Amino acid sequence: MSTPAAAVLELDQLQLRYPGSDRWTLDGLDLQLAQGERLALVGPSGCGKSTVARAVLQLLPPGSQCRGGLRLRGQDPRQLSRSALRRLRGEAVGLVFQDPMTRLNPLMTVGRHLSDTLSAHRTTWSATAKRERAEQLLEAVGIGAERFSAYPHEFSGGMRQRLAIALAIALDPPLVIADEPTTSLDVAVANQVMGVLQGLCAERGSALLLISHDLAMAHRWCERMAVLDQGRVAELSSSQAVLTQPHSDVGRRLVAAARQREGGATPTAPESRRLLRVENLRCWHNLGGPPWSPTWLKAVDGVSFALQAGESLGVVGGSGCGKSTLCRALMGLNPIRGGRVWLNGEDLLRLRGERERAARRSLQMVFQDPLACLNPAMPVGEAIADPLLIHGLASTAAARERARELLELVGLTPAEEFQNRRPRQLSGGQQQRVAIARALALEPQVLICDESVSMLDAEIQAEVLGLLRALQQRLGLALIFITHDLSVASGFCHRVIVLDHGQIVEEGPGDQLLRAPAAAITRKLVAACPRLPEG
């Protein structure tokens, strides 16, 4: 392989197989990254994107087989001693994870996280020097030195990701790998975080390897794009060329799925029967203070809307606007301070006991991360049957038979091949199909989807959205579709409401909001939303 002198990463026919697997996750991967370059690594689920990062850092389970060319700043990490490998991590490459909260110690302050990183690599520095450097890093990522003594749980998702960036660049590495760094963030915050990351890499001359399922976001922040398929690079060119004239089959599929996700099919008109009516709903959280004058966080503050049978209502807004609080309140998972909720003409907030339990079966939810809401030790067939058993609606045999029918309904066929698998034996898209099947077990009339496709790649997103639309038409479901992505809501939903500080600030067809946003937050979301270039 021809290698430029300034290459910071070189992969030459790299192969990697995990223990217990009969296939190579990476199978002849060629890739190189020059100093200061920004390269996006995209591809379908299971193509090996995240495995590339694990291979570079040698964060692999024991028994993994890794062969072929791998050089990081001219060194092969596989040949280093344990202490030398620890120095290479952080000094030669910084890693920004998808979910920083899983990588942060909740018992340590954010300043301590940075100081410990510096202590491990800058052993001669004084405590004062490390404190000054940590404060500089907090300022650089837009957190502020005054938050040195704060804890991770006191930060929003965007601020935690900024902390993750500070940790990644703490030692000025020549390479930064960002693995799905904005998946759980709304588009406005994601845009800010990526701006910080890109700016700091440019300022330090660091190369950036961005691993992402979002083609539009990858195009916005990276000049070049590599498309992976079955552990190999199927296509490598400028981001503009890949997205406007893809030459590989997988590239064409991904771009087509991403364009479908942005544009979507015009939803058909729903039925006229009203299922759900929400009037002046309020969810306030008491933040403390004297009993006669408490401080309230008005997470949802006077929200009203109606939902027809067969209709899809999109709910969008920035982080902290009240989207998730709204759906949890409708599910009875968050306390409601005021307002009314009618479902099929019954006031849900006044029902008690068995009547309330029976009524709420008509309202079910699909969460963002299916793996987090499925029992890892329970076969998926049992997970789907469980709601029927909990509510006493079927015998064990009948519940298992219904679970098989639901697996078939959501496209996991034949059901016998899937019913005994554990959640981790399924792909992300298959896990979400199981979550949808479980939500359908009680035959709901209203399905609430809370960021239910945000963690999936473009192809799987299109599949799951297509499945939801097909189920809606077949079963007459009404959908409340919570998302931070206005373009997805525009293509999928009949109507969209925009929340800001717990209130509806704008409402209408999604394409209208994209073309002519009226509210300030809507304009901000539209401006931050990355779009594919015209093909």
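Think of each chain on its own: its residues are numbered from 1, step by step along the sequence as written. In keeping with the predicted nature of the model, local features appear solely for residues at pLDDT of at least 70, side-chain atom pairs appear and are counted solely at 80 or more, and the whole-chain, interface and lining totals rest on all residues. The basis for every side-chain value is the complete set of non-hydrogen atoms in the structure, without hydrogens or water.

So, the sheet that holds strand E8 (residues 224–229)
Paired strands, in this sense, are two strands between which DSSP finds at least two bridges. Under the DSSP-based scheme used, a helix requires at least four consecutive residues in state H or I and a strand at least two consecutive residues in state E, with every element numbered from the N terminus. Sheet architecture is open: 6 strands sit in the order E5-E6-E7-E3-E8-E9, paired in mixed fashion. The two strands at the open ends of the sheet, each matched to only one other strand, are strand E5 (93–96) and strand E9 (232–238). This sheet shows a mean twist of 20° between the axes of neighbouring strands, independent of strand direction. Of the strand pairs in this sheet, strand E3 (residues 38–42) and E8 are connected by 4 bridges, and their pairing is parallel. In the strand pairing of E8, Leu41 is matched with Ala226. Across the sheet, helix H1 (residues 49–57) touches E3, E5, strand E6 (175–179), strand E7 (207–211) and E8, and the angle it forms with E7 is around 140°. Structural elements are reduced to axes, namely lines fitted to C-alpha atoms, with helices fitted over the stretch in contact, and the angle between N-to-C directions of any two is expressed from 0 to 180 degrees. Contacts are assigned to residue pairs that have any heavy atoms within 4.5 Å of one another.

So, the pairing of strand E17 (residues 478–482)
Counting buried residues along E17, 5 of its 5 residues qualify, which places the element largely inside the surrounding structure. Alternating residues of E17 divide into Ala478, Ile480 and Ile482 and Leu479 and Phe481, and every residue in both groups is buried. Pairing analysis gives 4 bridges linking strand E12 (residues 312–317) to E17, with the strands arranged parallel. Along E17, the bridge assignment pairs Leu313 with Ile480. As for the winding sense of the linkage, the β-α-β connection from strand E16 (residues 446–450) through helix H16 (residues 458–475) to E17 is right-handed. Relative accessible area decides the class of each residue, using a 1.4 Å probe on protein chains only: under 20% of the type maximum gives buried, over 50% gives exposed, and in between gives partly exposed. Crossover handedness is defined here as right-handed if the route from the first strand over the helix to the second strand goes clockwise, with the strands pointing away from the viewer.

Some remarks on the nonpolar core
We define a nonpolar core as any set of buried Ala, Val, Leu, Ile, Met, Phe, Trp, Tyr and Cys residues linked to one another through side-chain atoms lying within 4.5 Å. Judged by nonpolar contacts, the single largest core of 55 residues is most densely connected at Val434, Ile436, Leu440, Leu447, Leu468, Leu471 and Phe481. Residues within four places of Ile436 in sequence aside, it is in contact with Val366, Val410, Val464, Leu467, Leu468 and Leu471. Counting residues in hydrophobic clusters, the runner-up holds 54 residues, among them Val110, Leu118, Cys222 and Val227.

Some remarks on the packing of helix H13 (residues 380–390) against helix H14 (residues 396–409)
Taken N-terminus to C-terminus, the directions of H13 and H14 make an angle of 125°; their axes are 8 Å apart at the nearest point. Looking at the two axes, H13 sits oblique to H14. As for the relative orientation of H13 and H14, their crossing is right-handed in sense. Here Gly381, Glu382, Ile384, Ala385, Leu388 and Leu389 of H13 come into contact with H14, specifically with Thr396, Ala399, Arg400, Arg402, Ala403, Leu406 and Leu407. Residues are sorted three ways: Asp, Glu, Lys and Arg are charged, Ala, Val, Leu, Ile, Met, Phe, Trp, Tyr, Cys and Pro are nonpolar, and all the rest, Gly among them, are polar. Considered class by class, the residues forming the contact of H13 with H14 number 8 nonpolar, 2 polar and 3 charged. Each angle receives one of four descriptions, namely roughly parallel if under 35 degrees, roughly antiparallel if over 145, roughly perpendicular if within 65 to 115, and oblique otherwise. By the definition used in this description, the sense in which the near helix is turned from the far one sets the handedness, with an anticlockwise turn below a right angle giving left-handed and a clockwise turn giving right-handed.

So, helix H3 (residues 110–121)
Over its 12 residues, H3 runs 18 Å from end to end, which matches the ideal 16 Å to within 8%, given 1.5 Å per residue. Inspection of H3 places Val110, Gly111, His113, Leu114, Ser115, Leu118 and His121 among the buried residues, and these make up the whole buried set. For H3, the secondary structure elements touched by its buried residues are helix H2 (82–91), helix H4 (127–140) and helix H5 (157–169). Any helix carries an expected span of 1.5 Å times its number of residues minus one.

Quick look at unusual backbone geometry
In this structure, Pro414 follows Thr413 across a cis peptide bond, with omega equal to -15°. Phi angles above zero are rare outside glycine, and Asn344 is one such case at about 55°. Counting through the fold element by element, Asn344 comes out in the loop between strand E13 (338–343) and strand E14 (346–347). For Asn344, a relative accessible area of 37% translates into the label partly exposed. One non-glycine residue with positive phi stands out, namely Glu443, at about 55°. The topology assignment puts Glu443 in the loop between helix H15 (428–440) and E16. A relative accessible area of 58% means that Glu443 is categorised as exposed.

Overview of H1
A large share of H1 lies buried, amounting to 7 of its 9 residues. Looking only at H1, the buried set comprises Lys49, Thr51, Val52, Ala53, Ala55, Val56 and Leu57. Positive backbone phi, at 55°, marks Gln58, one or two positions downstream of H1.

So, the packing of aromatic side chains
Note on ring pairs: Phe, Tyr and Trp rings are taken, using the six-membered ring of Trp, and paired if centres are within 6.5 Å. Classes follow the plane angle, with under 30 degrees stacked, over 60 edge-to-face and the rest tilted. As enumerated under the stated definition, the model contains 2 aromatic pairs in all. Ring geometry for Trp284 against Trp296: centres 5.9 Å apart, planes inclined by 55°, an arrangement best described as tilted. Of the two residues, Trp284 sits in strand E10 (residues 274–286) while Trp296 sits in strand E11 (residues 296–308), which places them 12 residues apart along the sequence. Their ring planes at 45° and their centres at 4.9 Å tell us that Phe481 and Phe492 sit as a pair that is tilted. Of this pair, Phe481 sits in strand E17 while Phe492 sits in helix H17 (residues 486–492), placing them 11 residues apart in sequence. Just as Phe481 is buried, Phe492 falls in that class too. We call a charge positioned above a ring when the Lys NZ or Arg CZ atom is no farther than 6 Å from the ring centre and deviates by at most 35 degrees from the ring normal. One Lys or Arg, Arg17, reaches over the ring of Trp24 and ends 4.2 Å from the middle of that ring. Across from the ring centre of Trp284, 4.6 Å away, lies the NZ or CZ of Lys298, which sits over that ring.

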